[in-house]
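What the coordinates show
Okay, here's what each chain looks like letter by letter:
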Amino acid sequence: MSTNNNASLRYLILDRCFSNTHHQYTIDELLDIVNEKLGDKEGRSINIRQLRKDIQDMRDRVMYDAPIKAYPLEGRKCYYRYSDPNFSIFNNELSSEEIENLQTTIKMLGKYRGIPANAWIEEVVSSLEYRFGIKANSENLISFEQNEQLNGLEYLSTIIDATINHQPLNIDYCTFKGNKIKMVIHPYYVKQYNGRWFLLGLDNGHDRITNVALDRIQHINNANVVFKKNDSVDFETYFDDIIGVTIPGKNIKKESIILRFTKERFPYVVSKPIHQSQRIVEGKDCDVEIKVKPNRELYQQIFSFIPDVEVILPQWLRDEIIEKMKENLKRYLSVQNECTIIK
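My aim in this report is to walk through the structure given alongside it, one point at a time. (Residues numbered from 1 in each chain as written. Predicted model: local features only at pLDDT ≥ 70, side-chain atom pairs only at ≥ 80, totals over all residues. Heavy atoms only, no water.)

Notes on the overall build of the protein
- The helix and strand tally for the protein stands at 9 helices and 12 strands.
- Taken over 343 residues, the protein has a buried fraction of 37%.
- Considering only residue pairs separated by 6 or more positions, the protein has 59% of its internal contacts joining residues 24 or more positions apart.
- Per element, the accessible surface of the protein, about 21600 Å² overall, is 48% carbon and sulfur. (Helix = DSSP H or I, 4+ residues; strand = E, 2+ residues; numbered from the N terminus. Buried < 20%, exposed > 50% of the residue type's maximum accessible area, 1.4 Å probe, protein only. Contact = heavy atoms within 4.5 Å. Areas by Shrake-Rupley, 256 points an atom, 1.4 Å probe, with all protein chains shown as cover.)

And the structure:
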């Protein structure tokens, strides 16, 4: 984890030192206690220059505006303390119910510790543990879907930081067809779908919103351009009319799609809807209707239910599914013929 990724935890440690009216912490003592609390993990210790920068950041940041003052000691040394003895960067008190919920959250987040891509979770958990004296549960009681082998996860924490801090990114990207391109993306939103992570943002070169699959990123670094603020897209509703993350072209309209399932599969689809618009078709035993803009994730979803699904409407989609199934059947028949010849 980089030095900057530990900033929140360092601020917590320094906050306690600056609030302690019973000890006069010099700069050397502050450095020792910060590094002691950070522990022995590689890349977590800091030097005196970083410590001075942290103190200045705590003074300057709008969210903290910490009244840190240097008081003289004998000789040329000084100690650091808040000029307001009641100040803390965590003045808001939590209720007992909030603390209980926080404990559960820390235990759940702790499940993800140790995964290289999740340095940001390591920072959050460490900060919460130190602030509230809560340790994540060492028992393995909860499991979340995760694919630690997925390409591109090493960029996840960088992308999340860039999205939060409005930092444009240079991205070297390899498309689905193998074309290598360079992009400047203004990051707006990070989304996980079907085990993969996607960055959505403004493509600086084409002035449009695009989605970038992390597993197709080959290199990433900060772009030296002014961030373009998102004034047009509400990501709370951006995905309402689709399945997945791919927004089809402007000419693609939302359609009513009716799917018929086998009696065995139908209860599963009812209990786990394909889309938020899903409803059961009246008068039909195993038909459901969804209203979405067709995209490739819709096709993937339909094929994931084969052989337990049939597209009823619209007719054009039914015809396309039939053609794709015929093409797939040809591949199976081709393999069967090759095996027969070999025998």
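There is more to say after this.
Some remarks on the sheet that holds strand β2 (residues 68-72)
- The sheet built from 3 strands is open, its strands ordered β1-β3-β2 with antiparallel pairing. Edge strands, defined here as strands with exactly one partner in the open sheet, are β1 (25-26) and β2.
- By the bridge criterion, 5 bridges tie β2 to strand β3 (residues 78-82) in an arrangement that is antiparallel. Bridging from a neighbouring strand, Tyr71 pairs with Tyr79 of β3. (Pairing = 2+ DSSP bridges.)

Re the pattern of salt bridges
- Summed over the entire model, instances satisfying the criterion amount to 10 salt bridges.
- For the salt bridge of Asp215 with Arg196, the shortest nitrogen-to-oxygen distance reads 3.1 Å. Within this pair, whereas Asp215 is found in the loop between β7 (208-213) and β8 (217-222), its partner Arg196 is found in strand β6 (residues 196-203), the two being separated by 19 residues in sequence.
- Residue classification places Asp215 among the partly exposed residues on the basis of a relative accessible area of 23%.
- Arg196 sits in the partly exposed class, given a relative accessible area of 24%.
- The shortest N-O distance in the salt bridge between Arg265 and Asp308 comes to 3.2 Å. In this pair, Arg265 is assigned in the loop between β9 (255-261) and α7 (266-271) and Asp308 in the loop between α8 (296-304) and β12 (309-313), connecting sequence segments 43 residues apart.
- Exposure remark for Arg265: the relative accessible area of 23% places this residue in the partly exposed category. (Salt bridge = Lys/Arg side-chain N within 4 Å of Asp/Glu carboxyl O.)

A word on the packing of aromatic side chains
- Under the counting rule described, the total for this entry stands at 10 aromatic pairs.
- With a centroid separation of 4.7 Å and 10° between ring planes, the pair formed by Tyr189 and Phe235 is classed as stacked. Taken together, the residues span a long stretch of sequence, with Tyr189 in strand β5 (residues 180-193) and Phe235 in the loop between β8 and β9 at a distance of 46 residues.
- Owing to a relative accessible area of 26%, Tyr189 belongs among the partly exposed residues under this scheme.
- On the basis of an interplanar angle of 80° and a centroid distance of 5.2 Å, the ring pair of Phe261 and Phe305 is categorised as edge-to-face. Here the residue Phe261 occupies a position in strand β9, and Phe305 occupies one in the loop between α8 and β12, the gap between them amounting to 44 residues.
- Classification of Phe305 by relative accessible area gives buried; the value is 6%. (Phe/Tyr/Trp six-rings, centres within 6.5 Å; stacked < 30°, edge-to-face > 60°.)

Let's talk about helix α3 (residues 48-60)
- With 13 residues, α3 should cover 18 Å at 1.5 Å per step; its first-to-last C-alpha distance of 18 Å lies within 8% of that length.
- Of all the residues in α3, the buried ones are Gln50, Leu51, Asp54, Ile55, Asp57 and Met58. Considered in projection along α3, the buried side chains sweep an arc of 160° and stay on one side of the axis. The exposed residues of α3 that point more than 90 degrees off its buried face are Arg49 and Asp60.
- Residues of α3 that are buried in the fold lie against α1 (7-19), α2 (27-38), β2 and β3.
- Here α3 starts with a cap whose side-chain oxygen sits 3.2 Å from the backbone nitrogen of Arg49, and that cap is Asn47. (Expected span 1.5 Å × (residues − 1). Arc of directions from axis to C-beta. Polar contact = N/O pair within 3.5 Å; in protein donor to acceptor, adjacent residues only side chain to side chain.)

Structural notes on the pairing of β3
- For β3, the tally of buried residues reaches 4 of 5 residues, placing the bulk of the element in the interior.
- One ladder, built from 2 bridges, connects β1 with β3; its direction is antiparallel. Bridge assignment links Tyr25 to a residue of β3, and that residue is Tyr80.
- The antiparallel pairing of β2 with β3 creates a hairpin that spans 5 residues between the two strands, and Gly75 there sits at a positive phi of about 80°.

Regarding the sheet that holds strand β4 (residues 169-174)
- Taking strand neighbours across the sheet as the criterion, the 5 strands line up as β7-β6-β5-β4-β8 in an open arrangement whose pairing is antiparallel. For this open sheet the edge positions go to β7 and β8, each flanked by a neighbour on one side alone. In this sheet, adjacent strand axes meet at a mean angle of 45° when their direction is disregarded.
- Bridge analysis of β4 against β8 gives 5 bridges, and the strand direction is antiparallel. Bridge pairing in β8 places Asp172 opposite His219.
- Helix-sheet contacts for helix α6 (residues 156-165) involve β4, β5, β6 and β8, and the interaxial angle to β5 is about 85°. (Axes fitted to C-alpha atoms, helices over the stretch in contact; angles between N-to-C directions.)

This is a description of form; function is not addressed.
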